[in-house]
Amino acid sequence: MTGSRITKRPGNLSPLPNLRDYEGTCSTFSWDQAARLLDGLPGGAGLNICHEAVDRHLRHGRGGKTALRWLGKGGERRELTYGDLSLATGRFANALGSLGVQPGERVFLLMGRLPELYVALLGALKARCVVTPLFSAFGPEPIAMRAELGDARVLVTTPELYQRKVRGLRARLPGLKHVILVGEPPAGEPGVQGWDALVGSASSDYVIGPTDPESLALLHFTSGTTGRPKGAMHVHGAVVAHAATALYALDLHDDDIFWCTADPGWVTGTSYGVIAPLVTGVTSVVAEAEFDAQTWYGVLEREKVSVWYTAPTAIRMMMKLGADAVRAYKLPALRFMASVGEPLNPEAVVWGQEAFGLPFHDNWWQTETGGIMIANFPALDIKPGSMGRPLPGITAAIVQRRADASVQVVAEPGIDGELALKVPWPSMMRGYLHEDERYRKCFAGGWYLTGDLARRDEDGYFWFVGRADDVIKSAGHLIGPFEVESALLEHPAVAEAAVIGKPDPIVGEVVKAFVALKPGFEAGEALRRELLGHARKRLGAAVAPKEIDFRANLPKTRSGKIMRRLLKARELGLPEGDLSTLESDEK
Ligand code: ATP
Ligand code: MG
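Calculation rules
Residues numbered from 1 in each chain as written. Chains lettered and ligands numbered in written order. Predicted model: local features only at pLDDT ≥ 70, side-chain atom pairs only at ≥ 80, totals over all residues. Heavy atoms only, no water. 1 Å grid on protein atoms, 1.4 Å probe; cavity = no way out; pocket = protein on both sides within 12 Å on 5 of 7 lines; lining within 4 Å. Points joined across faces, edges and corners; volume = space filled by probe spheres on them. Helix = DSSP H or I, 4+ residues; strand = E, 2+ residues; numbered from the N terminus. Nonpolar A, V, L, I, M, F, W, Y, C, P; charged D, E, K, R; others polar. Salt bridge = Lys/Arg side-chain N within 4 Å of Asp/Glu carboxyl O. Buried < 20%, exposed > 50% of the residue type's maximum accessible area, 1.4 Å probe, protein only. Near = heavy atom within 4 Å. Polar contact = N/O pair within 3.5 Å; in protein donor to acceptor, adjacent residues only side chain to side chain. Areas by Shrake-Rupley, 256 points an atom, 1.4 Å probe, with all protein chains shown as cover. Sits in = over half its atoms within 2 Å of the grid points. Phe/Tyr/Trp six-rings, centres within 6.5 Å; stacked < 30°, edge-to-face > 60°.

So, about the layout of surface pockets. The volume enclosed by the largest pocket comes to roughly 990 Å³. Looking at the largest pocket, it is lined by 44 residues, and the ones nearest its centre are Arg113, Glu290, Phe291, Arg558 and Glu583. Taken together, the elements giving at least two residues each to the lining of the largest pocket come down to helix H7 (159-166), strand S10 (257-260), strand S12 (307-310), helix H12 (312-321) and strand S26 (494-504). Element by element, the count of residues in the lining of the largest pocket is highest for H12, at five residues. Tallied by class, the residues present in the lining of the largest pocket amount to 19 nonpolar, eleven polar and 14 charged.

Right, let's get into the pattern of salt bridges. This model, assessed by the stated rule, comprises 51 salt bridges. In this structure, glutamate 509 and lysine 568 form a salt bridge, with 3.2 Å as the shortest nitrogen-oxygen distance. Of the two residues, glutamate 509 sits in strand S27 (residues 508-517) while lysine 568 sits in helix H18 (residues 564-572), which places them 59 residues apart along the sequence. Its relative accessible area of 13% is what places glutamate 509 among the buried residues. Taking the relative accessible area as the measure of exposure, lysine 568 reaches 27% and is therefore partly exposed. A cluster of three or more residues bridged by salt bridges with shared partners is formed by Lys502, Lys512, Glu525, Arg528, Arg529, Glu547, Asp549, Arg551 and Glu571.

What surrounds ligand 1 is a group of 23 residues, the closest being Gly224, Thr225, Thr226, Asn363 and Thr367. Proline 343 places a main-chain nitrogen or oxygen 3.4 Å from a nitrogen atom of ligand 1. One of the side-chain N or O atoms of threonine 367 is found 2.5 Å from an oxygen atom in ligand 1. Considering ligand 1 on its own, with 630 Å² of exposed area, one finds that the protein chains cover 97% of that surface. A majority-of-atoms criterion places ligand 1 in the second largest pocket. Residue assignment for the shell around ligand 1 shows that the elements contributing at least two residues are strand S14 (360-364) and strand S23 (462-467). Per element, the largest residue contribution to the shell around ligand 1 is three residues, and it comes from S14.

In total, this model carries 22 aromatic pairs according to the counting rule given. For the ring pair tryptophan 351 and phenylalanine 356, a centre distance of 6.0 Å and an interplane angle of 80 degrees mean the geometry is edge-to-face. In this structure, tryptophan 351 and phenylalanine 356 share a single accessibility class: buried. Between phenylalanine 443 and tyrosine 448, the ring centres sit 5.7 Å apart and the planes meet at 50 degrees, which makes this aromatic pair tilted. The partly exposed category is assigned to phenylalanine 443, whose relative accessible area is 26%.

See below:
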């Protein structure tokens, strides 16, 4: 499969891709020039994400255009135009001002994907506060940990979440002065106000104060896949990267209907579920409901989504149900599909073609990088299983760390090493909150070291091998879990797979796989033997798993990433570590 290629004919694509000449654009690109995609605050007062995402569009004739199309869980719809959003965010910024909240103070958001989440996020940026969106499904402990660490001053949530999760934490969070509830507040609760009374009555006139592009805008916690989540700090100037990646990697055009399925509690749901599409001036669909294949296909069809950004876990769940379920829907508007968050198995890319008539375009980035760094672009051939090529303006390389903590760039292709990006770029994190030492350790010789292992091929495509923490060392081989998982996924019975290294006295580690099956397949000795044989044939005896366990589900983070470290800890009877982001648990 790794040898296959999906050929593109950019001249035949409609509309023509924004990025047609990859090499040419890379050679002339500069971030200063990309900044011209934006307006900047009037009078040279700096760069503010909310101005770029919302207010400036009024001057470009988009005031009446739908910015957010909200689809409620119960079938409700609400359209917010750019004009509506400008007024609503002005009200929210004024409401913060009326509470005495100052620029730089932290506003935390804890709610499902309600319209108010989007208004509060952008309105807080307008007020030059620092925003942290949290997953609404977090329990009290992860909320308290993040609010404490991030010094939350304001929390916007719903009455139900407040009662259930936050109320009991107030004594632990003395810095949390104001809680704004989207709905009716309980009577007599100090520091708690209702959205309607506070925000609804505020003036919508708001002039954004001078905003230094280097001032903090967002504090995002990482997914916690490999350990305790880190707080990555991002600045207003990151919006330059959001604008450039929306054009080049997501290929957004003015009349697109865009849908990013991620929740803003994960960086993708903020950078690409809120900021990037609005900066580009398109209509962005927000679906409140959680994943359900039929619901999602219905959204794609009814809303005539043209560009869709989703994640491998969702794609694998759709694959489980088969391509025919997709073909029952008419999706002529859909023209570009992208995926991020985990390695996208070659099977999944090709399945996209079979089911939707379009391949999924994998792209790679991290909470730390703030925006897409490596992507499969619409005009370039896809090599299924590859993350694609670096964005114009981004220099990526494979490096080896030396004993003295310096790094050496691996010039020749085909060699595994750590993926590194040349600093700086606009959306690079400016620090890990309260973890300076850890932040400093991410850099060497002008490179940001990502902690992911990859390889570059002779055509400049990057291939994910595995996270440095997950790589398995067996009998002198370095085995990337992705390669093994992808081979298992090629078997018709396998819906999901995760592999770990299990200590072994002779070879160091042996590969152990955990597998979830597609409907209609029975876990048992016969299938286990068949899968072991299939993997051996595909991978060779040195790399193939020696053991396979069946699981109904694999443990995942709320952003949909398989937590291999948890499978390993349980297998070895070790402490489970930070589980604050754990979603499905099948223990
Ligand atoms: P933590 O840093 O807390 O362990 P995390 O790394 O999963 O969590 P995120 O910043 O949400 O937190 O995820 C970024 C990581 O996700 C990348 O470093 C990479 O390991 C993985 N990832 C993202 N996109 C891709 C992709 N297209 N292919 C392979 N891996 C990907
Ligand atoms: Mg990480």
